[in-house]
Every structure is written in structure tokens, then in C-alpha cells.
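# Residue-level structural notes
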Amino acid sequence: MPAVRGDGMRGLAVFISDIRNCKSKEAEIKRINKELANIRSKFKGDKTLDGYQKKKYVCKLLFIFLLGHDIDFGHMEAVNLLSSNKYSEKQIGYLFISVLVNTNSDLIKLIIQSIKNDLQSRNPIHVNLALQCIANIGSKDMAEAFGTEIPKLLVSGDTMDVVKQSAALCLLRLFRKSPEIIPGGEWTSRIIHLLNDPHMGVVTAATSLIDALVKKNPDEYKGCVTLAVARLSRIVTASYTDLQDYTYYFVPAPWLSVKLLRLLQNYNPPSEEPGVKGRLTECLETIFNKAQEPPKSKKVQHSNAKNAVLFEAISLIIHNDSEANLLVRACNQLGQFLSNRETNLRYLALESMCHLATSEFSHEAVKKHQEVVILSMKMEKDVSVRQQAVDLLYAMCDKTNAEEIVQEMLAYLETADYSIREEMVLKVAILAEKYATDFTWYVDVILNLIRIAGDYVSEEVWYRVIQIVINREEVQAYAAKTVFEALQAPTCHENMVKVGGYILGEFGNLIAGDTKSSPQVQFELLHSKYHLCSAATRALLLSTYIKLVNLFPEIKNRVQEVFRADSNLRSADVELQQRASEYLQLSIVASSDVLATVLEEMPAFPERESSILAVLKKKKPGRIPDDVRESKSPQPSIIPAPTMNSTNNTNNSSADLLGLSTPPGSNSTTGNGLLDVLGDLYTTPKISPTTVQQNNIKKFLFKNNGVLFENDLIQIGVKSEFRQNLGRIGLFYGNKTQFPIQNVHPELHWTDLHKLNVQMKPMEPVLEAGAQIQQMLTAECIEDFTDAPTMSVSFIYNNVPQKITMKLPLTLNKFFEPTEMNGESFFARWKNLGGEQQRAQKIFKAQGAIDLAATRTKLAGFGMQLLDGIDPNPDNFVCAGIVHTRMQQVGCLMRLEPNKQAQMFRLTVRSSKESASQEICNLLADQF
Amino acid sequence: MTTKAWKTEGSPMPDIVIIPSFITIRFILIQNRAGKTRLAKWYMNFDDDEKQKLIEEVHAVVTVRDAKHTNFVEFRNFKIVYRRYAGLYFCICVDVNDNNLCYLEAIHNFVEVLNEYFHNVCELDLVFNFFKVYTVVDEMFLAGEIRETSQTKVLKQLLMLNSLE
């Protein structure tokens, strides 16, 4: 072994030493500037530098760059090095370029020719360097330039193994950039057959390539399955001496085995052929058998390599989810790992078991390990392991063990890490709801949650308990009694006050018979908490008080006294002030009948998916096993409905006290009036991550500016202008929060690619707190189109990825030019356009009472010219305009006839192009 | 920043950093305890600021961990598989559902090659021969994938290259 250190470039070593000896940042910068000046003068000087010198200086520049300084010269010298015949010079040239070049650089164009030369070189070392460079940079230009060359290198019989390995991965890199570069046809089979290559390194590299190709086109590459199984079989049955170079700590080819097992997970089942299937099962069994053999080495590398393969095999088994034997065997194996002394293994076993718990074949087997898992949750030193244990308990929970698991999780919650509390609260709440057979138990669990971890109980959780209590008569009295008791604690969490307030306001009468909880006592108990609460809770309590007035007329005077108190009636908080004064007035003027109607018990909430579950799913996408067991275990029937729309609650006036849901609108009119009053300003809905929201695109039909989207985090405004067939659209992203929004990344999708062209200018990825940034889009209408582009904006807020999706206000009518014409020419054209192919008509119901003035205003914003005094019926509207597209101009006439008696409209559009008539008609229908 | 994405609808969660799909290794980092980077190899196109941020974040995440903890840590949407050798942290960033042990041993395999190649490797070797470390990496990992795992084969190739002018 030659001593590698210190050989080569002495000047470089001296420079690096100098830098290391610098005592301060300033000294370092000084030394670097001196060196930069020196190099610059050498490069500029008359004396031509030899290859060695060039290499040395380029290498110094690279070092300076890697220290974090900008380098603005030397690129040409690096490019020159590429044409050197000496390996060490070429290598430095390629390295400099790979590290410094980003994919857009013009430099790439300069080096394409050099790379091409090296690719065609007879020297495999040069070919290899070129391939590695392409694989490192992987630009579109390169995909175009070398797309045909590299596949040839990959399958040619003349290519050396080392080069083949690079070629395979180089092709993979280019394929990711430009999927079309992979030739089909006979190449498919040649690429697949690389799995048979005698050189294991080639197979290792090729497997990654094939894996990517399979993901893109599973059917075409289906043939790889048989070969992969055969290869895997040869490896797992080999003894460690068989595969000398590829045996790692007595484990034959662990990495290749893992890659092959992953490749097979692209298909389910991997193969229908009994032969292949059987062989694969044998492989998997062999892997299990080997796991049981005594270790051949005490080194952790040995067990890690062996287990890497084992875990991948288990992943495959879980993925296939069809062989009960193997699933149970996997579970037993993982069970052993749960008490292994290696933390890594315990962690991975918990993780893997989480998936097993969701399979019906192994769910029961996983449950056997409940005790150990509970211990892990309590005892593990690494929080991420404890977290895995919590996840697994959640996944293995069903009707039979729910009480115990929930109990244990509640107990652990008292000491749990802050970082996992919120999620645990959600999980406990979901399990309690899902597996409750007795809803008094459910109520107890949630109140315990609030007691133990009140700060981590989100709105969704306490809203949900109220929904359930309101919908289940049998639990109402119990709930009232329990919250009443809970409120007696000297200190209780504000969330408890909220739940208590709401429940007593609805069901306090059910416990009023007991003198210990008489109306007066209930009221005074609640009111004793009032002054310690936030305005939001106080507002809720005021509503409770007026409800109590209805339930218990005898405390009316006392309650009125509270409403009248300066701190309420004259509260600085406008919401409290309003509630106090309106409730006070209501209690004075309304008869007991009216009061009873207005303050009636809340109607049942519509049954729907637990909103908590939705929150949890969004918190941890991918980590929460889907509820596969839902089909098996009998459901406690409280969450049967499909997904709720928890989004879009910005403007629907939440009609009940808490905004818990939109109630059925069946209430009496007096009820509605009050419900509006009670509409709660305080219940700011929490933004659930990755919401997909639909904005109301329709309103932008008639205007070009406005707020396109808004939630608690972000506001997106739009301003656009159009001329002929072109448009400019400015989007304004505003950050409404106190923290930066990061990785803002908008994307556009639309289907009519050839009909509409939209370009988006790049924008800053970071939106500082409170800031607004602008992004410009340009649009060109090529032909009449129907599908407005969808924009999805992804970003990170507070480390949580978010994604919002909306339609861009880019509809065909934006490209209208209004056209003036008189009655005569209008009707002449109208007649000319009378053919079947040109007309579109719709009759639709008016949205409310027909308001001609409002209709007129809307039409004026639509883009066509409103023509007055043309139609014999003065109530009718006629309009004319030209749609500008790149292909043609489409003349367009429109007539809208209101029928006041029937509350209907008839809309007719005629134009020289059928599809345009249709689209204009569709856009306008139902808008008035 | 992409200007148009034609057909990504129905794709899963958005990646935090932008998206060539199916890539396995996102980056490899070698850092010392003080946070000095001894190698950074990127398999996705990050801009310079983003790279710097990732380097700092990885350092913050990894150095606080105890020896008794796992060698895996969730990081943004990804996962860092890391191992500490004396004062150096070797970190590989992969997808959350990638095979942890496989990359943990890939690190060790890499370290053993460095050790053999530099004859008892130490941090200074990586500093003074940074340009050779890249060669070692490219022999063992390419395009974000494991390229060659045989130490014998890698070393043979490296020594052959070393003997060239």
C-alpha cells in the first residue's frame, strides 16, 4: 500500500496547512485572498502553465470554494484539464466541474464535447470519469447529448465491468431527468438481463436502474421478476465463502439482496407463476432460518448486515400480505428483537411490527407482544424508540385490548416527552372513541386527557367529546355529573372549563335534582372560573349562562347581575360586550316560551368521520397505518360517515355556539336569528396541514382582482390584465403569521396544454413573517380551452408541510374584446350563426330573486360588450365580443333572457366555433 | 424552481426539497464534532444556501444524540442514518422507508475502505486529500445509489488509479 498522504501536489498541502494554522477568520480570509491573487496572476500571465500547475491551482480553487468562498474564475482552466491525457489532471478537472457547476450553467455546454471525446476513448478510465461526471451533474443537456451513447455502453460485450457499473447508474440519473431517453423494444430485455451478469458489482448497479424503470413501466419490465428471484436465491443459499469479494462479515452480498428484495416490492404479487412464487418463498424461509442460526461473528457488522436483509424480506412479506405463515413467522422474529440489547434492532422491530399489526393475518400475533411494547413505551432511553412503541400500541389496538392500552397510554402521558404529547393525546382520543362500547368510559378518558395534558388537548379533541355527548342521550346525565365533579378541583384546565360550560349549559338540568349540584351551585361553580379564563372561554360561558337562564328561571336575577357587570357589559372586548348586552336584553324581553325556543337544546350533529383522526393522519402522513381492521372488528358505529370537510370554514357563519359543525338548517326562524348572534368569532379553526382547498373561482369570472385564497397562514391575492390573446397575472403571497413560511413552491397543472400556455416566473422560496411577495405569470390563449389551470402551492410552516390547491382565475372569457354594434348588424350576425354547430343554450334557475341591476353589473365584468336598446324586450341582455386566441378570433354573441315569474334564465350563446359557444355558455350558466 | 409540472397530479406528499423521484441517497456528509464539513456529496440539486442550511441542521440533529440512541433520526421528510467514528460523524440522508441497516453498514463499508486506502485514516487525511475522497465516494456510490460494495474491488481500482500519473 503506497502512502497516499502527502503525495501529489506539494503546493496544495502547504496552502492547506497555512489555512489550518490561521488563528482567526480574518487571517484565513487574508491568506485566501493572497492565494486567489496569486492564482489569478498565474492564469493571466504570459507564461503558459503546464498541466501539473493548472491542476494544482484548480485544486486550490476548489479547496477555497469548499471552505465556503465564492469562486468566479478558473472554470476555463478546469475545462482545459479535461482534455489532458493524464488521469490525475483529468480527474481534478472533472471534480472541479462536478462540484462547482449547477445544472443550468453555460459551462456544461463547453464540456459536452470533452465528455463526448472521453466517452469514445479506448481508455476505460477516461470513459469512467466521463460517466461519473454525467452521473454527478445529470443535466437535461447531457441527457440529450448522451442519451443514445450510454445505453450502448451498458449492454455492449466489449465494455469493462467497472464502466458498465457507472453506465448503469449514469443512465439512471439521466432517466430521472428525462424519462424518454430509455430506449424500449429489444433494449428492455437486454437491460433486464443485466441481473444475470456474472459480475456482482454490475448487478448491484443495474438493480437500481431496473428498479427505477419498473416504477415507471411495471408491465414492460415484468420479466425482471424471474431473474431477480433466481439471483436472490443463489445469494441466500450461498455459503459465505462462495461469494468471496461480496461477502461482508460472513453475510453474502447483503446490499444486493436488499436491492433485489426491494425490486420485488414493485409487484404484488411478485409473480403468478407457481415456480417463481415457490422459489421466492424458499428464499424468504432461508432468510428466516439463517436469522435463527448462531451468529458467525460477534461483530455488530455481522448482525446488522444479516438483519438488513431480514428486515427487507419482512417488508416484502408485509407488502405482499398474503402468506399467513410468513407473516406470523415475521412477527415472531420481530418479537425476539423487541428485547434485543441493540437499540437499533428494537427500534426497527417496533417500526416493522406497526405494519404487521395492520395485516389481518398477523394482527393477533402482534398483540401477543403487548406487554413488552408497553414496557418499551415506558422505559426506552431514546425518545424515537418510545415514539415507535406508541405508534405500535396505537396500531395493535382493537376492541379487546383498547381499555388496557388506553389506560397505559394515559398513565404514560403524565411523564411523556413534550415532543410526543400532542400526538399521544390525539391517539388516545381516537382509540377511546373508536373502541368505546360504553360511552361513559369514553367521557372519562377524554376528561382524564384534559386533566393530565390539558395544554396538549387541541380544539378538535374537546369539540369531539361535545359532539358525542350531544348525539348520545344515554351519556348526557353522566357527562354532566362528571364535568361538574371535575370542575370542583381547585385548579382545572381551561379546556375543562370549556367542556364543562358547554355540557352544563345543555344538560345541567339532568343533575339539578341533587342539592349538591343545584342550579345555583352549578352557576356559581362555573362563574368562579370565569375570571381566570381567556376571552374566548368567557364568551362561551356567557352563552352557557343564558342557556342556564332558560333551564332554571330561578337564577335569572343572579345571571342578569353578571351580564350587567361593568366587566362584561362594558368589556373592552367587543365580543364579550355584545354577548353580555344581547343576552341581557334577551333575558329581559323574551317570554319563557320564546326563550325556550331560542335556547333549545342543540340538535344532533351530523355523523361523520372523527375530525381528530383527520388531524392525526395529516400530522403523520405515512406513519399512521390505515385502518385496515375497520372491516373486521365490529365498529362502535359512531364514526360511520365518510370524510368531513373540515376545510373552508373561514366564512360559513358557524351557527352553533362553538362552531362545532354546521347544524341542520331546520331551526325555526327565531332560532336562526339568535344562532347568528352566537356565531362564534373566537373559535378560530385550526389549520390542518396539507389542506386541499377549492377557492370560489366563479366569482373571478367577473373580475380580475381579489383574494384568491386565504387561510390562517397565507393569503394569495391576484391582479391580472389581459390584452388580445395575452395575459399577465400577478400573484401576491402574504404571510399572515409571526414566522417565516419556507420552501414555497407553486406548481401549475392543466390539461389543455396545447390550447393554453402559462409561464410562471420563479419566486423566492421564503416568505418572511408578515411579508408579501409577488410572482408574475404570463398566459397565452392558443385556442379556446375549458380547463382553468390548477395551482398547487406547497410550503413548510413550523416544520409541517402544507399544500393548498386552487384554480387560477384564467377562463376563456378573459380573452374577450368587447365589440360595439347596432341592432341591425347584431341580428344579422345572430341569424348567420344559427347553425346547430354554433349555438349553445342553457336554461337555469335564478340563484335568488332576479335582480336586473346586479345581473347587469356582473355581465359588465365578464368581458363582452353589453348592447343596450337592441333587444325588443328591455329586460333581456345582449352582448357581443371577440375571443382572441393565437389560432383565430372567435366572434361571439350572447343573449340572456330573465323570466321573473318562473325565476329562470335562458342563456343563448352563438359563435363561429361550437366549442367556444359551449364554454362561454357553461361559464355563465348558474351565475345569476 | 419548476415552471411547469405536467403530470404530477396524484403524486404523494410534496417533498420538502424539490423532487426527483425514486432517488435513494439524497446526500452524504462527513462532519466533525465542531461542525466542520469534511465531505459533502449531494445527489440532488440544492442551491448553496440550502446546502449550508442542511449541513447545519444535520449537525444540530446528530451531535445531540447519545451513544445509546439509535443510529437513525428523522429529519424533515427524510431520515439520517449516521455513525460516529472518533470525532467524525458520517451521515447519509435517505427516504423514511429506506432500509436503515443497509445504509448503516454502507457507511461502515465506506469507512473501512478509507481506512485501508489511507492506512489508518484520520480526519487530516480527509482534509489534505479531499480530492481523493471524492474518488472513493464515486467508486462506491453513484447517482445516489450504492455502486460497488466489494472492498477488494474498490481498493484494487483505487490503487490502480493512484498509480497513474
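Residues numbered from 1 in each chain as written. Chains lettered and ligands numbered in written order. Predicted model: local features only at pLDDT ≥ 70, side-chain atom pairs only at ≥ 80, totals over all residues. Heavy atoms only, no water.

Per an unreviewed UniProt entry, chain B goes by AP complex subunit sigma and derives from Papilio xuthus. Regarding chain B, the UniProt comment filed under Sequence similarities (unreviewed entry) reads as follows: "Belongs to the adaptor complexes small subunit family." (UniProt positions renumbered as here; feature names shortened; annotations may be inferred.)

Chain A is annotated in an unreviewed UniProt entry as AP-2 complex subunit alpha from Papilio xuthus. UniProt, in its Function (unreviewed entry) section for chain A, records the words "Adaptins are components of the adapter complexes which link clathrin to receptors in coated vesicles." Per UniProt, the comment on chain A under Sequence similarities (unreviewed entry) is "Belongs to the adaptor complexes large subunit family."

This paragraph deals with a negative patch on the surface. A cluster of acidic residues, A:Asp70, B:Asp47, B:Asp48 and B:Asp49, forms a negative patch at the surface. Mapped onto the elements of the fold, B:Asp48 is located in helix H1 (residues 48–63). (Patch = residues over 30% accessible without salt bridge, like charges linked within 9 Å, V, L, I, M, F, W, Y side chains within 5 Å. Areas by Shrake-Rupley, 256 points an atom, 1.4 Å probe, with all protein chains shown as cover. Salt bridge = Lys/Arg side-chain N within 4 Å of Asp/Glu carboxyl O. Lys, Arg positive; Asp, Glu negative; His and termini not counted. Charge placed at Lys NZ, Arg CZ, Asp CG, Glu CD. Helix = DSSP H or I, 4+ residues; strand = E, 2+ residues; numbered from the N terminus.)

The subject of this paragraph is the confidence of the model for chain B. Residues and elements named next belong to chain B. Scored by pLDDT, chain B has a mean of 86; 87% of the residues are at 70 or more. Per-element confidence in chain B is highest for strand S6 (residues 141–142), whose mean pLDDT is 98, and lowest for strand S3 (residues 72–75), whose mean pLDDT is 92. Counting contacts from residues 1–21, a segment whose pLDDT is below 50, to residues more than four positions away or on other chains yields 45 contacts. This complex was scored by the predictor with a pTM of 0.70 and an ipTM of 0.90. (pLDDT = per-residue confidence, 0-100. Contact = heavy atoms within 4.5 Å.)

This part is about the packing of helix H1 (residues 10–21) of chain A against helix H2 (residues 25–44) of chain A. Residues and elements named next belong to chain A. Two elements in contact, H1 and H2, have axes whose closest approach is 8 Å; the angle formed by their N-to-C orientations is 155°. Between H1 and H2, the interaxial angle falls into the category roughly antiparallel. Two packed elements cross with a definite hand, and for H1 against H2 that hand is right-handed. Here Phe15, Asp18 and Ile19 of H1 come into contact with H2, specifically with Glu28, Arg31, Ile32 and Glu35. Class assignment of the residues belonging to the contact of H1 with H2 gives a composition of three nonpolar, no polar and four charged. (Axes fitted to C-alpha atoms, helices over the stretch in contact; angles between N-to-C directions. Parallel < 35°, antiparallel > 145°, perpendicular 65-115°, else oblique. Left-handed = near helix turned anticlockwise from the far one by under 90°. Nonpolar A, V, L, I, M, F, W, Y, C, P; charged D, E, K, R; others polar.)

This part covers unusual backbone geometry. Residues and elements named next belong to chain A. Residue asparagine 268 is joined to proline 269 through a cis peptide bond whose omega torsion reads -5°. Along the chain, proline 269 turns up in the loop between helix H14 (254–264) and helix H15 (274–292). Even without being glycine, tyrosine 249 reaches a positive phi, approximately 45°. Structurally, tyrosine 249 can be placed in the loop between strand S1 (247–248) and strand S2 (251–252).

This part is about the nonpolar core. Core analysis: the largest hydrophobic core is formed by 299 residues, its most contacted members being A:Ile115, A:Met142, A:Tyr545, B:Phe27, B:Ile80 and B:Phe141. Here this core takes 11 residues from helix H2 (residues 100–117) of chain B, the largest share from any one element. Residues lining this core come from more than one domain, with at least three contributed by each of domain 1 (186–294 + 312–318) and domain 2 (418–611) of chain A. Residue contacts for A:Ile115: discarding those within four places in its chain leaves A:Tyr94, A:Ala130, A:Cys133, A:Ile134, A:Met142 and A:Phe146. The next biggest cluster of nonpolar side chains, apart from the first, holds 63 residues, and it includes A:Leu708, A:Phe709, A:Cys781 and A:Cys892. (Core = buried A, V, L, I, M, F, W, Y, C linked by side-chain atoms within 4.5 Å. Buried < 20%, exposed > 50% of the residue type's maximum accessible area, 1.4 Å probe, protein only. Domains from an automatic or database assignment.)

All right, on to the interface of chain A and chain B then. At the junction of the two partners, chain A supplies 92 residues and chain B supplies 79 residues. Between chain A and chain B, a total of about 7600 Å² is buried, with carbon and sulfur atoms accounting for 57% of that surface. For the pair chain A and chain B, the number of links is four salt bridges. B:Lys153 is the partner of A:Asp245 in a salt bridge, and the nearest nitrogen-oxygen pair spans 3.3 Å. (Buried area = accessible area lost by both parts, 1.4 Å probe.)

Okay, the environment of A:Ile466 next. Looking at the element boundaries, A:Ile466 is found in helix H25 (residues 459–471). Exposure remark for A:Ile466: the relative accessible area of 1% places this residue in the buried category.

Residues and elements named next belong to chain B. Strand order in the open sheet made by the five strands is S2-S1-S5-S4-S3, with antiparallel pairing throughout. Because the sheet does not close on itself, it has two edges, and the strands there are strand S2 (37–42) and S3. On average, each strand axis in the sheet is inclined to that of its neighbour by 20°, with strand direction left out of account. Relative to S2, strand S1 (residues 27–32) runs antiparallel, the two being bridged by five bridges. (Pairing = 2+ DSSP bridges.)

With that out of the way, let us pick up the packing of helix H29 (residues 535–551) of chain A against helix H30 (residues 556–564) of chain A. Residues and elements named next belong to chain A. Close contact between H29 and H30 brings their axes to 9 Å; oriented N to C, the two are set at 155°. It follows from the interaxial angle that H29 and H30 lie roughly antiparallel. Viewed along their axes, H29 and H30 form a crossing whose handedness is left-handed. Counted together, Leu542, Tyr545, Ile546 and Val549 of H29 and Lys556, Val559, Val562 and Phe563 of H30 form the full contact between these two elements. Residues of the contact of H29 with H30, tallied by class, amount to seven nonpolar, no polar and one charged.

Before going further, it helps to examine the packing of aromatic side chains. For the coordinates displayed, the defined rule picks out 31 aromatic pairs over all chains. Residues A:Tyr347 and B:Phe72 carry aromatic rings whose centres are separated by 5.8 Å and whose planes lie at 40° to one another, so their mutual orientation is tilted. Here A:Tyr347 is found in helix H18 (residues 343–357), whereas its partner B:Phe72 is found in strand S3 on a different chain. The residues A:Tyr347 and B:Phe72 share a single accessibility class, namely buried. Centre to centre, the rings of A:Phe826 and A:Phe827 are 5.3 Å apart; their planes meet at 85°, and the pair counts as edge-to-face. You can call A:Phe826 buried: its relative accessible area is 1%. In this structure an aromatic cluster arises from ring pairing among A:Phe702, A:Phe816, A:Phe844, A:Phe862, A:Phe905 and A:Phe928. (Phe/Tyr/Trp six-rings, centres within 6.5 Å; stacked < 30°, edge-to-face > 60°.)

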